[in-house]
Amino acid sequence: MNVVMLEQHYRHLQHLEAAINACALSVTIDAAGIVTAVNTQVIAALQQSSDSLIGQPLTSILRPADAAQWLKIWTTLLAGHPVQEQCCFLNNENSPLWLEAGISPLLSEAGAMEHCILIGIDITSRKLAEVKREQNEIYYSQVLENLPLGLQQFSPEGISMDMNSRQREIWGDAHPFFTKKDYKWLQDPFYRLNGLADMFEEALTTGKTIKREILLSYREKRNENITRLYPVYFEATIFPLTDLQRNRVNLFLILDDITEKKLSELSLQKSERLLDNIIENLPIGYIQFDNFGFIRRINQTQRFFFNSPYPAVRQPFNVMNDELSTMFELDKLFIQALEQNKSLRVEKRIDFSQDKRWTTVGREVYLDLTVFPVIEPVDKEMIVVALVNDITDKKMQELENRKNQEFLQQTGSIGKIGGWEMDIDSQQVRWTDQSYYIHDCPVDTEITLDKAIAFYTPEARETLEALMQQCMDTGKPFDAQLTILSAKKQLKKVRSIGQPGYVDGRLVRMYGVIQDITEQLEIKDALTRNTELMRLFFDTIDMGYAAMEKNGNVNFLNRKAEKMIGHPVAMGSNIFEEFPRLSGTVFYARLQECILQQTSQSFGIYFPGVDKWYDFLLTPMRDGGISVFMRDITDSRKMQKELRKANDQLSNLNKNLTNQNKQLEDFAHITSHNLRAPIANLKALMQMHNEAVAQQERDLYLGMVHEVIKKIDETLNDLVEVVQIRKDLNVEKEKLLFSERLQKVRDVLLVDIETTNIQITYDFDAEPVIEYPRVYLDSILQNFITNAIRYRSSERTPSVHLQTWKENENIILSVEDNGVGIDMERFGNKLFGFRKTFHKNKDAKGIGLFITKTQVEAMGGSIRAESHPGEGTKFIITFRSE
């Protein structure tokens, strides 16, 4: 290397050293770690002179913050390898000094390190910022990780990028976020339904923070063997983060569990609704006033009671100035409840007929009013509640009870019925006024058990004492007819009834009634005598007789009636129980008509079990009872039945004869009409044959005679078929399906149907079945299908539609085609005639519709047609119900 190159190299090194000294720290260190040289940057950084630094161990003036890192670096240098790392040193003030250091060893010829040069750029500010940022990231990461809220980061496409532990806990380990790769939660139907997906899309679109309450999932709670599902509510917040270009780079979801709060709100709402529902459906009226007296609320019971309109249409009402309220002092009651701050309960009689502005009750009512003040919990205002109970019926019942008590006293006096009561311990007896009257004693007379029993005759007294003792010992009530000798020495028959009275299972009293039945027994004796006389009278008549009450209880029955019933009948028993064959007959209905209309009812009943006919006559009696007259008309009924049967046979025979005569007349008419012309033609041809000279002419006439004879033969065969139909009135019927018989006809006419391409449709759903002769129904259907084919229009595809329905208990069949149609004005009266044709169709014979009409009418039915030329024809057949 020449001198010039050396000088250039030296100058280059000087420039490099100057550049290093200008921006970097430079320290030279020997193999023992002693500083041998430093530049001005080191002196400035450590704020010490070069003399105090040179000769010192490097680790004493720049202590490595990470001793292990420095040991590793020094070992690498000793091995002769350069090092480039970020190192942190501590100065004398323990302040950190971060260097982006490059350390190069200078080796001897033997390869050992003699010196090394550390050149470092001070990156303390940047590094401290990075460390602080890392510390902040760690800090905030710990904060976010330990938040009590769920936090989750999404990409704008909805891909989950990260979440904290609370969010993982919310989703659960089994959630598709953790179990399914490429899970697209925005398409999940559940999150679309609960609105979470919509929130994400709204935040992504608008860039706004979206916050809503959502039902996120359901939680299982198990109690013994029962598992219940509970809703889990969260407050969801979704907000986007943008980059410097305002592009949305991430979206965050925050979930806060508000289940307890939400359930509390729902429970509170439910409680409020329940309270409102309870108030609205209270069985008593509820009126709420504000502290000024204006009505705030009325429940439905009160609205119904007052017949008051709903609040939206109700006129304003103030209890303090309303005329009706002040008239009945309801305003004072309101003020008293407010001033005294206590509940008040009063009964009020109010005449609502004097007010028509806010109630339409229109009558006098009794009200049980409970009025009390309440502090409204939200507004803290005093309100007044009035509970209104309509006790009008109760009050009326009390008045009615008083009237009943008076009525019972009057009834007891009329019926001569008195009450009595005896105290078991004191043997004291208490009588009602009527009991004193029965015994002919003054009302204020003191009565004891001995005095009461002393009125009875010796025999009756013994019986009464035994009955009373049995009642006390066993609790068995008694009812006996006894004799007393009154205070006025009059013998009276009384009915004494008694029963025990217990308190907590202990007999404390005996009570009952006593009735003077002297007159009743006398009347009963007279009635018994009259009954015997009536029995002698009614037993002499040749019909059953019974006298009974409206409920069917028998008061009298003669022997003839008992014989017709079949056994003796006790008086007081019920005729429907004793004569059970009456159940299910018209007897009960006619009995009610007799009672309600008070008119006699005459009717007959057939009893199939015994093959008997009875005639009944029910007649109302003045005392409210019913007289029943019964007569066995079985023999006369049977004679009438035989006579009716004979009449029916004669009627049928006459009907058959009439029908046969009609058939003969029709046959004669058809025969004379349809055979007269052919026979005349035949006579003319025979005459022309006889007069002909040439043999060829004679053969021609003979051929024409043959054709005429053939036509006469066809006509005779058709007439024979018609006569046979009219004659065979008892042809066998069977249940037939219209669809099956139509298919049979289609099979028979298969070639014609295929050739003409006729479209056959039907609707037999309304009436699918008919009871009819099979041969007739097949013939009818075949004739109609054949007609539709034969008289089809060349202008359109032929079709025919069949339909059935029911009308007046008869089955109706309609058959409608789209053929050439018929001019009904010209040919309507001849449509169903014998050998009548109305078209130039070469196949038309005029016999099909005539046969069809004959078959339908032979079974009691009818047929008619509706048609217009060129528009098709509709036939309507009525099959008579049997």
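Residues numbered from 1 in each chain as written. Predicted model: local features only at pLDDT ≥ 70, side-chain atom pairs only at ≥ 80, totals over all residues. Heavy atoms only, no water.

Looking at the packing of helix α25 (residues 738-748) against helix α27 (residues 774-790)
Where α25 contacts α27, the axes come no closer than 9 Å and their chain directions differ by 55 degrees. Comparing their axes, α27 and α25 come out oblique. Crossing angle aside, the handedness with which α25 passes α27 is right-handed. Side by side, α25 and α27 meet where Phe738, Arg741, Leu742, Lys744, Val745 and Val748 of the first sit next to Arg774, Leu777, Asp778, Leu781, Gln782 and Ile785 of the second. Classifying every residue of the contact of α25 with α27 gives seven nonpolar, one polar and four charged. (Axes fitted to C-alpha atoms, helices over the stretch in contact; angles between N-to-C directions. Helix = DSSP H or I, 4+ residues; strand = E, 2+ residues; numbered from the N terminus. Parallel < 35°, antiparallel > 145°, perpendicular 65-115°, else oblique. Left-handed = near helix turned anticlockwise from the far one by under 90°. Contact = heavy atoms within 4.5 Å. Nonpolar A, V, L, I, M, F, W, Y, C, P; charged D, E, K, R; others polar.)

Section: the sheet that holds strand β14 (residues 344-351)
Ordered by their spatial adjacency, five strands build an open sheet running β13-β12-β16-β15-β14, and the pairing between neighbours is antiparallel. Taken across any chain shown, the strands that pair with only one partner, and hence form the sheet edges, are β13 (295-298) and β14. Taking each pair of neighbouring strands and ignoring which way they run, the sheet shows an average axis angle of 25 degrees. The pairing of strand β12 (residues 285-289) with strand β16 (residues 382-390) spans five bridges and is classified as antiparallel. Bridged to glycine 285 within β16 is valine 388. Taken strand by strand, helix α14 (residues 330-340) contacts β12, β14, β15 (364-375) and β16, and its axis lies near 170 degrees from that of β14. (Pairing = 2+ DSSP bridges.)

Considering the pairing of strand β2 (residues 35-38)
In the sheet, strand β1 (residues 25-30) pairs with β2 via three bridges, with the strands oriented antiparallel. Bridged to valine 27 within β2 is valine 38. Hairpin geometry of β1 and β2 is characterised by an intervening segment of four residues between the two adjacent antiparallel strands and by a positive phi of about 85 degrees at glycine 33.

Some thoughts on the packing of aromatic side chains
Within the structure shown, the criterion is met by 33 aromatic pairs. Ring centres 5.7 Å apart and planes at 75 degrees place the aromatic pair tryptophan 70 and phenylalanine 89 in the edge-to-face group. With a gap of 19 residues between them, tryptophan 70 in helix α5 (residues 67-78) and phenylalanine 89 in strand β4 (residues 83-90) connect regions that are remote in the sequence. Exposure class is identical for tryptophan 70 and phenylalanine 89. Each is buried. The interplanar angle of 20 degrees and the centroid separation of 4.8 Å between the aromatic rings of tyrosine 762 and phenylalanine 764 together place this pair among those described as stacked. Judged by its relative accessible area of 43%, tyrosine 762 is partly exposed. (Phe/Tyr/Trp six-rings, centres within 6.5 Å; stacked < 30°, edge-to-face > 60°. Buried < 20%, exposed > 50% of the residue type's maximum accessible area, 1.4 Å probe, protein only.)

With respect to the sheet that holds strand β25 (residues 612-620)
Here five strands make up an open sheet; going across it, the order is β23-β22-β26-β25-β24 and the pairing antiparallel. Both edges of this open sheet fall to β23 (554-557) and β24 (601-607), since each of them pairs with a single strand only. Put simply, the sheet's adjacent strands are angled 20 degrees from each other on average, direction ignored. Pairing of strand β22 (residues 544-548) with β23, which is carried by three bridges, proceeds in the antiparallel orientation. By the bridge assignment for β23, methionine 548 is matched with valine 554.

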